[in-house]
Amino acid sequence: MSELGELARRRGFFFQANEAYGGVAGFYTYGPAGAALKRNVEEAWRDRFVTREGNMEIDAPTVTPEPVFVASGHLDGFDDMLVECAECGESHRADHVVEDNTDIEDAETYSTEKVEDIIAEHDLACPSCGAPLAGQPVEEFNLMFETEIGPGSGQPGYLRPETAQGMFTEFPRLKEYARNQLPFGVAQIGTGYRNEISPRNALLRTREFTMAELEYFVDPEDDAPDLEAVADVELPLYSAEAQNAEGEEYVYLTPQEALDEGVVNGEWVAYFLARSKQWFERVGVDAERFRFRQHLSGELAHYAADCWDAEGEVGGDWEELAGIASRTDYDLSKHAEHADGNFSVFKQYDEPKTVERATVDPDMSYLGPEFGGDAAAVADALQALAERDRAAFDDEEVTVEVDGEAYTVPVEQTGFSVEEQTESGRHIVPYVVEPAFGVGRAVYTALAHSLETDEVDGEQRQVLQLPPAVAPTTVGVFPLMDKDGMGETARDLASDLREAGLDVTYDDSGNIGRRYRRQDEVGTPYCVTVDYESLEDGTVTLRDRDSTEQARIAIEDVPSVVAALVDGDRGFEEL
């Protein structure tokens, strides 16, 4: 990891932001090579989860008004555990202190009280100054950055901790663009912000980051994915059951096998697990250092019924790269309670149906004086209760809850009845399956998994074996020397390659071996050298990064040959 950090700074992949002013932990700048790699990773994600899946993409604001996060539950449930050192005043994430210094792996699933006890029991110390942390309180710390919208006191708002809420709040309009037909997906690639207690591990845990998220809206009763399309994908699955049994082994199952054996619950979750694995391999994550780990009950987010983390092994630790979550109808139902829009979809029946519907027609002349300003909310609660549990109206009184307070109403005042109705369809609140990816984490893991050291011509070589499709530069173009027309020919070739849509670097400094090494270090998969023979017969040398093999091809064929190699339509050995 130290080699990767040094390479990242030296070759312009990433480095701490604002170093001239001392820097602030958790913020990184992507240099020229890193920005290009990140852009290519994002495009690969867009290709897989937007274009190929037939989904739509939006770009919502990063500043969000407070009521959105009241509805979503983030104000109450988006917390990490904080412990502050009494000696030096540094704050640390308490569960990380426990995990880094004991054999406990999932301290984030514990209560704050239990983490306090573990810190005392093991006499854990402050990572910064070494002072004892025993006896210091462990508290919940909300991770959202707060701001004010507008001048003066303004309107309270927050920098979004995820892109998801932008897709949920705009659902009433987005469903119209989807012609009210389920299933449909809405994707977004954008910046998120989390005020991490203790950022660490470079791009793996930062305070500002890029997320790529897909919210896929489905009919929980009817919609099913095409599992045949991913039938041959083997998923490395580490289930909650295996973790609770303290097992280190995980099973390799196809999506259908995982469903049949009850390891994965939900066809859409199984489908997106498979698509996620394919995508991670495409951008350079080593399949042998990759797995899916199911969340334990204590670590599930407040909105998730189930979640599997895609994890990559980096520096000896398993790091979260993405989460594939079943959010059920939590988000849309919450926003329906708090907002004015219609967060349901009308499902048309093939033929009209006659059904029994329980309804209420409360006597407001009774509810008004009895419950005052809460009367309307009580009436709505009575209707909701009638729809889900008509037996609740069998007694003389019925009780509903509004904002945590119970209200009891005589059944005769509710106007409860069951009637037959002919319906052409019904309104349903879709369920949501969410594959959510940390782009920076994918970039960092791809770099870590691609960095190799080997020997070429008796010299040690450091090389990034990134997939050609995501490498920052596709091809390096060199003149053997910038004389006798070789420089002009090489520059013209570089221009032609750029016109063909390829990322090109031109380099005429130093000997040819050093130029190759520079491109190997930044992951450039192919290099072209113009030499004296090129001036005589119009051919150039094309070099493959990984094998260091070379082939002689016509200069006019270089753009098409390199494009075919990048797309995988041709192998270098064929040359």
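None of the values given here were measured: they were computed from a predicted structure.

Is there a simple way to explain the layout of surface pockets in this structure?
It is a probe the size of a water molecule, rolled over the atoms, that shows where empty space is left. Approximately 1600 Å³ is the volume attributed to the second largest pocket. Considering the residues around the second largest pocket, the lining is formed by 42 residues, among which Asp 380, Gln 383, Ala 384, Glu 387 and Arg 388 are closest to the centre. The set of elements that each furnish at least two residues to the lining of the second largest pocket consists of α3 (66–72), α12 (330–338), β17 (345–359), α14 (375–388), β18 (397–402) and β20 (417–428). At 9 residues, α14 tops the list of elements feeding residues into the lining of the second largest pocket. In terms of residue class, the lining of the second largest pocket is built from 16 nonpolar, 11 polar and 15 charged.

Explain the pairing of strand β12 (residues 235–238) to me, please; I cannot follow it from the model alone.
Successive side chains on a regular strand alternate, one facing one side of the sheet and the next facing the other. The alternating pattern of β12 places Leu 235 and Leu 237 on one face and Pro 236 and Tyr 238 on the opposite face, and all of these are buried. Here β12 pairs with strand β13 (residues 251–253) via 3 bridges, running antiparallel. Within β13, the position partnered with Leu 237 by the bridge is Val 251. One ladder, built from 2 bridges, connects β12 with strand β14 (residues 290–294); its direction is parallel. In the strand pairing of β14, Leu 237 is matched with Phe 292.

How should unusual backbone geometry be read in this particular structure?
Negative phi is the rule for most residues except glycine; trans is the rule for most peptide bonds. Cis peptide bonds are those with omega within 30 degrees of zero, and the linkage from Leu 182 to Pro 183 qualifies with -5°. Topologically, Pro 183 is positioned in the loop between α8 (171–177) and β10 (184–193). Its identity as a non-glycine residue notwithstanding, Asn 18 has a phi of 55°, on the positive side. Tracing the sequence through the fold places Asn 18 in the loop between β1 (14–16) and β2 (28–30). The exposure class of Asn 18 is exposed, given its relative accessible area of 54%. At Asp 457, a residue that is not glycine, the phi angle is positive and equals roughly 50°. Mapped onto the elements of the fold, Asp 457 is located in the loop between β22 (451–456) and β23 (459–464). On the accessibility criterion, Asp 457 (74% relative accessible area) is exposed.

So what exactly am I meant to see when it comes to empty space enclosed by the protein here?
By the definition in use, this model includes 1 cavity of 30 Å³ or more. What lines the largest cavity is simply Lys 277, Phe 280, Glu 281, Val 285, Asp 286, Ala 287 and Phe 290. For the lining of the largest cavity, the element with the highest residue contribution is helix α11 (residues 267–282), accounting for 3 residues. In terms of residue class, the lining of the largest cavity is built from 4 nonpolar, no polar and 3 charged.

Would you mind going over the environment of Gly 152 with me for this structure?
Summarising the element assignment, Gly 152 is placed in the loop between β8 (146–149) and β9 (155–159). Overall, Gly 152 belongs to the exposed group, its relative accessible area being 71%. In the structure, Gly 152 is positioned 130 residues away from Gly 22 in sequence and 31 Å away in space, judged by C-alpha atoms.

How should a nonpolar patch on the surface be read in this particular structure?
A contiguous nonpolar surface patch, about 310 Å² in accessible area, is contributed by Leu 480, Met 481, Tyr 532 and Leu 535. Positionally, Leu 535 belongs in helix α18 (residues 532–537). On the accessibility criterion, Leu 535 (36% relative accessible area) is partly exposed.

What is the right way to read the packing of aromatic side chains from this model?
Both the distance between ring centres and the angle between the ring planes are used here to describe each pair of aromatic rings. A full pass over the atoms with the stated rule returns 27 aromatic pairs. Measuring from centroid to centroid gives 4.9 Å for Phe 171 and Phe 217, while their planes differ by 55°, and the two rings are tilted. Taken as a pair, Phe 171 in helix α8 and Phe 217 in strand β11 (residues 208–218) lie far apart in primary sequence, 46 residues in all. Of the two residues, Phe 171 and Phe 217, both sit in the buried class.

Explain the nonpolar core to me, please; I cannot follow it from the model alone.
One recurring pattern in soluble globular proteins is that nonpolar side chains are buried together. Grouped together as the largest cluster of nonpolar side chains are 65 residues, with contacts concentrated most on Trp 45, Leu 237, Trp 279 and Phe 280. Top element by residues in this core is α11. It accounts for 9 residues. Leave out the neighbours within four places in its chain, and Phe 280 touches Val 285, Phe 290, Ala 310, Leu 321, Ala 322, Phe 437 and Ala 442. Ranked by size, the runner-up nonpolar core spans 22 residues in total, among them Val 475, Leu 542, Val 561 and Val 566.

Where do I start with the sheet that holds strand β25 (residues 504–506) in this structure?
Across a sheet, paired strands are connected by hydrogen bonds in the backbone, their directions being either parallel or antiparallel. Judged by pairing direction, the sheet is mixed, and its 5 strands sit side by side in the order β25-β24-β26-β27-β28 without closing on themselves. With one partner strand each, in any of the chains shown, β25 and β28 (550–554) form the two edges of the open sheet. The mean inter-strand angle of the sheet, taken between neighbouring strand axes irrespective of direction, is 25°. Pairing geometry for strand β27 (residues 539–544) and β28, over 5 bridges, is antiparallel. Along β28, the bridge assignment pairs Val 540 with Ile 553. Sheet strands touched by helix α16 (residues 486–499): β24 (475–479), β25 and β26 (526–530). Its angle to β24, the strand with the most contacts, is close to 165°.

For this particular structure, what's the right way to read the packing of helix α2 (residues 32–51) against helix α15 (residues 439–450)?
Closest axis-to-axis distance for the α2/α15 pair is 10 Å, and the angle between their directions is 110°. Regarding the angle of α2 to α15, the classification is roughly perpendicular. Judged by the twist between their axes, the crossing of α2 over α15 is right-handed. On α15, the residues touching Leu 37, Lys 38, Val 41 and Glu 42 of α2 are Val 439, Ala 442, Val 443 and Leu 447. The residue inventory of the contact of α2 with α15, partitioned by class, reads 6 nonpolar, no polar and 2 charged.

Help me understand the environment of Arg 570 in this model?
When you line up the elements, Arg 570 lands in the segment after α19 (558–567). Along the primary structure Arg 570 and Ser 534 are separated by 36 residues, whereas in three dimensions their C-alpha atoms are 23 Å apart. When residues no more than four places from it in sequence are discounted, the contact partners of Arg 570 are Val 561, Ala 564, Leu 565 and Leu 575.

Definitions and limits used
Counting of residues starts from 1 at the beginning of each chain's written sequence and follows it residue by residue. Totals for whole chains, interfaces and linings use all residues, but because this is a predicted model, local features are given only for residues with pLDDT of at least 70 and pairs of side-chain atoms are given and counted only at 80 or more. The side-chain quantities take in all heavy atoms of the structure and omit both hydrogens and water. A 1.4 Å probe that fits but cannot get out identifies a cavity on a 1 Å grid over protein atoms alone, an open set with protein on both sides within 12 Å along at least five of seven lines counts as a pocket, and a residue lines either if it has an atom within 4 Å of a point. Grid points are joined across faces, edges and corners, and a volume is the space filled by probe spheres set on the points. Helix numbers and strand numbers start at the N terminus; a helix is a DSSP run of H or I with at least 4 residues, a strand a run of E with at least 2. When residue character is reported, Ala, Val, Leu, Ile, Met, Phe, Trp, Tyr, Cys and Pro are called nonpolar, Asp, Glu, Lys and Arg charged, and the others, Gly included, polar. Using a 1.4 Å probe on the protein chains alone, a residue whose accessible area is under 20% of its type maximum counts as buried, one over 50% counts as exposed, and one in between counts as partly exposed. Two strands are counted as paired when DSSP detects at least two bridges linking them. Exposure above 30% relative accessible area and no salt bridge define the residues that can form patches, which grow by joining like charges within 9 Å and nonpolar side chains of Val, Leu, Ile, Met, Phe, Trp and Tyr within 5 Å. Each accessible area value is a Shrake-Rupley result obtained with a 1.4 Å probe; residue values ignore everything except the protein chains displayed when judging cover. Salt bridges are defined by distance alone: a side-chain nitrogen of Lys or Arg within 4 Å of a carboxyl oxygen of Asp or Glu. The criterion for an aromatic pair is that two Phe, Tyr or Trp rings (for Trp, the six-membered ring) have centres within 6.5 Å, with stacked assigned to planes under 30 degrees apart, edge-to-face to planes over 60 apart and tilted to the rest. To form a nonpolar core, buried Ala, Val, Leu, Ile, Met, Phe, Trp, Tyr and Cys residues must be joined to one another through side-chain atoms within 4.5 Å. The criterion used for residue contact is that any of the two residues' heavy atoms lie within 4.5 Å. Axis lines are fitted through C-alpha atoms, for helices just across the contact stretch, and the angle between N-to-C directions can take any value from 0 to 180 degrees. Orientation categories follow fixed angle ranges, with anything under 35 degrees roughly parallel, anything over 145 roughly antiparallel, 65 to 115 roughly perpendicular, and all other angles oblique. With the far helix as reference, a near helix turned anticlockwise by less than a right angle produces a left-handed crossing, and one turned clockwise produces a right-handed crossing.

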